[in-house]
Amino acid sequence: MTTSPSPKATTSPKTTASPTPRKTTKPGCPQGDNQREVETALAKLGGFGAITVDGRQSAADCAAIKKFQQRYGISPAAGRAGPTTADVAKRLAATDTSKCKGGSGTTFCVDLTHQTVWAMKGGKVVLKPTVTRTGMSGYATPTGVYKVQNRALKEWSNPYEVWLPYWQRFNGGIGFHETTTYIHVKPIGSHGCINLLASDARAFWNLGKVGTRVHVFGRRPGT
C-alpha cells in the first residue's frame, strides 16, 4: 500500500517591522560667546520676554534675544548672543535718559557716547532709547542744543548723491534721517547726521516738527 506524502508545513514569510520614526525637534538658538552679557543687559532693559541671567542659552532666552535683534535691526536675527548683539544691548542698558535736558515741549536727545537717541516731552520719555550712528572721525557730530529747522519726507543730498528719508535738519547740513546702510557696521559713521533705523526714523518724524528741540551731548568713541 502506498501512502501519499504528507504535505510539508508551510510558514508565512517573516515580516520586518518598520523602524519607529524618531521624533525630530527644531534646533534651538546657538549659544554665543556673549551670552551672559546679553542676558544681563536684556534683563535690565525689560520688554523682550522672560530671560534668565545664567550664561546658558534656553528656549526663553532664545526668543527674547531674537525679539531684541529684530527690534534693533541686527542681522541675522537668529537668537545668538554675539558681539554685535552684546554691544547694542549694553549701550542701550547704559543709556541714562536723565542726562538729556528736556523742557516742557518735545526734545530729541542724542547720546554720542552710547550712540543712542530718544525723545522726551514734558520731562518724560515718550520714545525709548534706540540705536543711532553719528559722525565718524573727521565728521564728528557737534554737541549743543539746537532746533529742527526744516523737514522733508525725502531729501536729496547733493554732496553724497543719496536720498535721505524722513529728513529733519537741525544744524547746517546735519539732521535726523533713515540710514541708507547697515547701521551696525562700527568702523564707519555718518558725515555728522543722526542715522536711524527705518521704524525709528518714522517715529521721530511723526513726533517732530519745525522748532522741536534737539540736545546732543557726549562724544562718540574714536572721534
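How each quantity is defined
For every chain, the first residue of its written sequence is number 1, and the numbers climb from 1 along that sequence. Per-residue local features are limited, in this predicted model, to residues with pLDDT of at least 70; the limit for side-chain atom pairs, both in listing and counting, is 80 or more; totals at the level of whole chains, interfaces and linings are taken over all residues. Working from all heavy atoms in the structure, the side-chain values ignore hydrogens and water. In the cavity and pocket records, a cavity denotes points on a 1 Å grid over the protein atoms alone where a 1.4 Å probe fits but cannot get out, a pocket denotes an open set with protein on both sides within 12 Å along at least 5 of 7 lines, and lining residues are residues with an atom within 4 Å of a point. Grid points are joined across faces, edges and corners, and a volume is the space filled by probe spheres set on the points. Classification used: nonpolar for Ala, Val, Leu, Ile, Met, Phe, Trp, Tyr, Cys and Pro, charged for Asp, Glu, Lys and Arg, polar for all others including Gly. Disulfides are defined as cysteine sulfur pairs within 2.5 Å. Two strands qualify as a pair provided DSSP detects at least 2 bridges between them. Helix and strand definitions follow DSSP, with helices as H or I runs of at least four residues and strands as E runs of at least two, each counted in order from the N terminus. Axes here mean lines fitted to C-alpha atoms, for a helix over just the part in contact, with angles spanning 0 to 180 degrees between N-to-C directions. The contact criterion used is simple: two residues touch if any of their non-hydrogen atoms lie within 4.5 Å. Across the chain, each position has a pLDDT score giving the predictor's confidence in that residue, from 0 to 100. For classification purposes, angles smaller than 35 degrees are called roughly parallel, those larger than 145 roughly antiparallel, those between 65 and 115 roughly perpendicular, and all remaining angles oblique.

## Side note on the layout of surface pockets
- There is about 400 Å³ of room inside the largest pocket.
- Surrounding the largest pocket, 21 residues form its lining, Y160, V162, L164, H177 and H191 being those nearest its centre.
- The class makeup of the residues in the lining of the largest pocket is nine nonpolar, ten polar and two charged.

## A few points about the state of the cysteines
- Considering all chains together, one arrives at two disulfides under this definition.
- Residue C100 pairs covalently with C109 via a disulfide, S to S 2.0 Å. One disulfide, between C100 and C109, carries an S-S torsion of -75° and so falls in the left-handed class.
- In the chain, numbering the disulfide-bonded cysteines from first to last in sequence yields the connectivity 1-2, 3-4.

## Points about the sheet that holds strand β7 (residues 174–178)
- Spatial strand order, β5-β6-β7-β8: four strands in an open sheet with mixed pairing. A strand with exactly one partner marks an edge of an open sheet, and here the two such strands are β5 (150–157) and β8 (194–196). When the angles between neighbouring strand axes are averaged without regard to direction, this sheet yields 30°.
- Contacts from helix α4 (residues 198–207) reach β5, β6 (162–171), β7 and β8, with the element oriented near 45° to β6.

## So, the confidence of the model for the chain
- Mean pLDDT over the chain works out to 89, with 88% of the residues at or above the 70 mark.
- Predicted confidence for residues 1–18 stays below pLDDT 50, and this span has zero contacts to residues more than four positions away or in other chains.
- The low-confidence segment residues 21–25 (pLDDT under 50) makes zero contacts with residues lying over four places distant or belonging to another chain.

## Structural notes on the packing of helix α2 (residues 59–71) against helix α3 (residues 83–94)
- Two elements in contact, α2 and α3, have axes separated by 11 Å at closest approach and are oriented at 80°. As the angle between them shows, α2 and α3 are arranged roughly perpendicular. Residues I65, F68 and Q69 of α2 pack against T85, V88, A89 and L92 of α3.
- Looking at the contact of α2 with α3 residue by residue, the classes come out as five nonpolar, two polar and no charged.

## A closer look at the sheet that holds strand β2 (residues 116–121)
- With respect to topology, five strands assemble into an open sheet ordered β3-β2-β1-β9-β4, the strand pairing being mixed. Strands with a single pairing partner mark the edges of an open sheet, and in this sheet they are β3 (124–131) and β4 (144–147). Across the sheet, the axes of successive neighbouring strands diverge by a mean angle of 20°, strand direction being ignored.
- Relative to strand β9 (residues 213–217), strand β1 (residues 106–111) runs parallel, the two sharing five bridges. Among the inter-strand pairings, V110 is bridged to a residue of β9, identified as V216.
- Strands in contact with α3 are β2 and β3; relative to β3, the strand with the most contacts, it is inclined by about 155°.
- The strands that α4 touches are β1, β2 and β3; relative to β3, the one it contacts most, it runs at about 155°.

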